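Each chain is listed here by its residues.
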Amino acid sequence: MASADPNRAFMKDVKRIIIKVGTAVITRNDGRLALGRIGALCEQVKDLNSQGYEVIMVTSGAVGVGRQRLRYRKLVNSSFADLQKPQNELDGKACAAVGQSGLMALYDMLFTQLDVSSSQLLVTDSDFDNSNFRERLCETVESLLELRVIPIFNENDAVSTRKAPYEDSSGIFWDNDSLAGLLALELKADLLVLLSDVDGLYSGPPSEPSSKIIHTYIKEIHYQEITFGDKSRVGRGGMTAKVQAASLASGGGIPVVITSGFDSQSIVKVLQGEKIGTLFHKNASLWEPSKDASVHEMAVAARDCSRRLQNLSSEERKKILFDVADALEANEDLIRSENEADIAAAQEAGYETSLVSRLTLKPGKIASLAKSIRTLANMEDPINEILKRTEVADGLVLEKTSSPLGVLLIVFESRPDALVQIASLAIRSGNGLLLKGGKEAMRSNTILHKVITNAIPGNVGEKLIGLVTTRDEIADLLKLDDVIDLVIPRGSNKLVSQIKASTKIPVLGHADGVCHVYIDKSADMDMAKRIVLDAKIDYPAACNAMETLLVHKDLAKTPELDDILLALKTAGVNIYSGPVAHKVLGYPKADSFHLEYSSLACTVEFVDDVQSAIDHIHRYGSAHTDCVVTTDDKVAESFLRQVDSAAVFYNASTRFSDGARFGLGAEVGISTGRIHARGPVGVEGLLTTRWILRGKGQVVNGDKDVAYTHKTLPLQSGPLLLDQDSVKNL
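An unreviewed UniProt entry lists the chain under the name Delta-1-pyrroline-5-carboxylate synthase, with Brachypodium distachyon as the source organism. In the Function (unreviewed entry) part of its UniProt record, the chain is described as follows: "P5CS plays a key role in proline biosynthesis, leading to osmoregulation in plants. Involved in abiotic stress tolerance."

Undergrad: Outline the overall build of the chain, supporting the account with residue identities and numerical values.
TA: Check the secondary structure of the chain and you find 25 helices and 24 strands. Burial statistics for the chain: of 730 residues in total, 52% are counted as buried. Contacts spanning at least 24 positions in sequence make up 74% of the contacts within the chain whose residues lie at least 6 apart. As presented, the chain carries roughly 33,500 Å² of accessible surface, and 50% of it is formed by carbon and sulfur atoms.

Undergrad: Go over the sheet that holds strand β16 (residues 546-552) with me, naming the residues and quoting the values.
TA: One open sheet holds the six strands; their spatial order is β17-β18-β16-β15-β19-β20, and the pairing between them is parallel. One side of each edge strand has no neighbouring strand; the edge strands of this open sheet are β17 (574-577) and β20 (647-650). Averaged over all pairs of adjacent strands, the angle between their axes in this sheet comes to 20°, without regard to strand direction. Pairing geometry for β16 and strand β18 (residues 601-607), over five bridges, is parallel. Across the sheet, residue L550 finds its bridge partner in β18, namely E605. Each of β15 (515-519), β16, β18 and β19 (625-629) touches helix α23 (residues 610-620); the most contacted strand, β15, lies at about 170° to it.

Undergrad: Can you explain the pattern of salt bridges? Please cite residues and give values.
TA: Under the defined criterion, the tally for this structure stands at 28 salt bridges. A salt bridge links R16 to E54; the nearest nitrogen and oxygen atoms lie 2.7 Å apart. Here R16, found in strand β1 (residues 16-21), pairs with E54, found in strand β2 (residues 54-59); they are 38 residues apart in sequence, far enough to count as distant. Of the two residues, R16 and E54, both sit in the buried class. Measuring nitrogen to oxygen at the nearest pair gives 2.9 Å for the salt bridge that ties R16 to E142. Highlighted residues: R16 in strand β1 and E142 in helix α6 (residues 131-146), separated in sequence by 126 residues. Through salt bridges with shared partners, a single ionic network connects K15, R16, E54 and E142.

Undergrad: Requested: an account of unusual backbone geometry, with residues and values cited.
TA: Despite not being glycine, D115 has its phi angle at roughly 60°, a positive value. Here D115 is to be found in the loop between α5 (92-113) and β3 (118-123). Phi at H710 is positive, roughly 45°, even though this residue is not glycine.

Undergrad: An account of the packing of helix α13 (residues 332-348) against helix α17 (residues 442-454) is requested, with residue identities and associated values reported.
TA: Here α13 crosses α17 at 160°, and the two axes come no closer than 7 Å. Between α13 and α17, the interaxial angle falls into the category roughly antiparallel. The chirality of how α13 crosses α17 is right-handed. On α17, the residues touching L334, I335, E338, N339, A341 and D342 of α13 are M442, R443, S444, I447 and L448. Here the residues of the contact of α13 with α17 are counted per class, giving six nonpolar, two polar and three charged.

Undergrad: Tell me about helix α15 (residues 365-377), residues and numbers included.
TA: Every α-helix winds through 3.6 residues per turn, so residues three or four apart in the chain are directed the same way. With 13 residues, α15 should reach 18 Å at 1.5 Å per residue; the first-to-last C-alpha distance of 18 Å fits that figure. Residues I366, L369, A370, I373, L376 and A377 constitute the buried set of α15. One face of α15 carries all of its buried residues, which in axial projection span an arc of 120°. Against α12 (314-330), α13 and α16 (416-429) lie the buried residues of α15.

Rules and cut-offs
- Residues numbered from 1 in each chain as written.
- Predicted model: local features only at pLDDT ≥ 70, side-chain atom pairs only at ≥ 80, totals over all residues.
- Heavy atoms only, no water.
- UniProt positions renumbered as here; feature names shortened; annotations may be inferred.
- Helix = DSSP H or I, 4+ residues; strand = E, 2+ residues; numbered from the N terminus.
- Buried < 20%, exposed > 50% of the residue type's maximum accessible area, 1.4 Å probe, protein only.
- Contact = heavy atoms within 4.5 Å.
- Areas by Shrake-Rupley, 256 points an atom, 1.4 Å probe, with all protein chains shown as cover.
- Pairing = 2+ DSSP bridges.
- Axes fitted to C-alpha atoms, helices over the stretch in contact; angles between N-to-C directions.
- Salt bridge = Lys/Arg side-chain N within 4 Å of Asp/Glu carboxyl O.
- Parallel < 35°, antiparallel > 145°, perpendicular 65-115°, else oblique.
- Left-handed = near helix turned anticlockwise from the far one by under 90°.
- Nonpolar A, V, L, I, M, F, W, Y, C, P; charged D, E, K, R; others polar.
- Expected span 1.5 Å × (residues − 1).
- Arc of directions from axis to C-beta.

Listed below in C-alpha cells is the structure:
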C-alpha cells in the first residue's frame, strides 16, 4: 500500500468526480479492447456509485476500436490482389462512427451486470459555443446523477468539424483530455482523475531510468524540467495533453490526479488520499517543499560524502570511529535520558514486552557499543584491499580490489543500538548511509544520530549519515535505485516482505528467525541443558533465539529431558508442542512449526534421528541459525554438512550468531539469502569489488600484438595501490 499524502487530506470531502479513461487504458497493444481493465474500471465506478459518489466518465477509444474493426472488415472483403496494393489509412471519422456504438454497448453490458445504469452523451467542440447548450447539458447531467446514472461522455468525432480527429487541435477542447478538463469546470466537479498507461507524470520519459515520478506538480518548479516522450501509442495527445488539461482544471480550482488505469484499484486509492500518481492543485506552490526532492537530495548527499570519506587515509577514517566512540561515552547520560522517554511512551502505549525489551539501552550498553566501535576501528582497513593480482600480458597487470557498495538504506524497528552498529560499519566500509528507525525509538535514534554525525569531520560532511524521520519518505527512497545501492531491513517478517515487494533495489536480510536446537540421543544432557536455556532465555526477542527444540525420540520421558523442560518452565517459558510431543508430553499444540515467537515461548517436537531433524529444519526453518547437540561425530558432521542455513552450530548456543561475537566488530544485519552475503553481515558484506588495470600503452587491435599470459601474481609484490598515508610520505 502506498503511503498517505497529507496534501491530499481534501479527498475526504470529494463528492463529484470525473474519471477520464484513455485509449491506451481500454485497449491492448494489438488494438483490441482490454476487457479485464474495462471490467475493473466499471467495478470501481459501481462501488463509488454505491458509496454515494457522483461519478461522471469521459472515455476515449471509439476511434481505436473502430479502426481495429474496419481493418478486419477490409481484410475480409479484399482479394489477394487488393492486398498487394498500397493500403490507404482508414478515415478517422468512419472509425469513430463504427467504434462508438461498440464501445458504448460494452459499457452498457458491463454496468448492467453490476446493476448500474449508464448513459451516453456525445458532444462536439462547436456545441460549447452555445450557452443554451451548456446550460441544458448541466441540467441533464444533474438529473442523471440524481437518478444514480453514470453519464459517459465522448467527443463525437464522427461529426466533428475538425479536419481529422488526430491532427486538428484547435477549438474550445481538442481531445478527450481537454474535454474532461472543460467538463470538470462546467459541472463543478470536486476532483478530476485522468487515467493513463503510466503511473503518473515523470520528470522525463518513463522508460528512462533517470526519470522520477512527480507526486505533486508545481508549475514554477516542474514546467521547465519535464521532458515529454512519445505521445500515446493509440490516443491523441499522450501525457502532454493530460498535463495541459490538468493545468486548465486545477487553475480553475478543480484538483486533478493523473494516475495509472492499469491498477484495478487506482481510483479508490486516489480517493483514500494515497500518494499515487501526480496531483495538480491550485495551492500546490504554497505547500511545503515536496519530499520527492528532499529524499533524493538526501541520498545524493550521502553518496557525495561517502566518496569524500573513501578519499581519506586509513588513519583518518579510523580516527572518525574513535571520535564517535568517545562522543557516545561523553553523551551517555543524555542518550539514556532520551531512551528512557521512549521506553515510558512505549509502555504507556501498550507495546508488547518483547518490543520494549529491544527498545531498551540497558546499563553498560553504551560502553559496550563504544568498545565494539574501537574494535572495528583497529581492524584491518577493508577499502582498496588487493584481493587478486593477474599478469594479463607482459607489462599489463590486473588487480581485483575491495570497494564500498555506495549508499545503504537501513530500515529497522525498535532497536536504537542497531543505529550505532550500522553507522560505525558504514564509516569503516566507506559507505553513505540512510537510516529509518521505528517511531517508538524516535527520541533515542535522533540523539544517537546527532551525537554520531557531530563527530564526523567537515571535510567528509555530516550528511554521510541521513536520518529519515517519516514513514512517507520510505516509499520514495525505495524508488531511488539510481542512487541507493542496497536496502537492509531489520525487523518483522511483515516489514521485510513489504520492502522486498516495494523496490527494485537489492534487499539483504531475513524475514524470519526460526532457529532450532536438535538434541541427539548421544548428547551430553548437562551440556544440552545449558545450550537450550541460553538459546531461549538469554535474549528471547533476538532473531537468533531458539524457537523450536527438536529431541531424539529415544529421549522422550527421560529424567534428563524432563529436567530441561522444567528449567524452561521455571524461567517463564511457555512450551508448545508438535503432534508427536503433544501425545507424549501433553503440552498445548503449536499453531505452526514455522513460528518466530520472539518471546519466552518455544515449540518442542520429537524426531526419529538426525536426518529427520534435518528434514524438519529444511521444511519449517528460515535458514537462519540451527544447532545440534551431540557427542557422536558422525551425527555432527551430517548435521553440519546438510543443514542449509546461514549459520550451523555444533554444541554451541544459537545466540553466538552475531557479528560482534563472530569478531566482525559489529553487524548491519543477518542475511539468509544466498547472494552477496550470508549470515551476520559485517564490513565485508558492505563491500563489492572493482578492477584496476595497469598498463604501458597496450592496445587490443584485434589481439594481433598481445600475448596473453594470465599468470597469477603474489599479492605482496608488484605495484600496489597507495593509500593516502603512503602518498604523503613520498
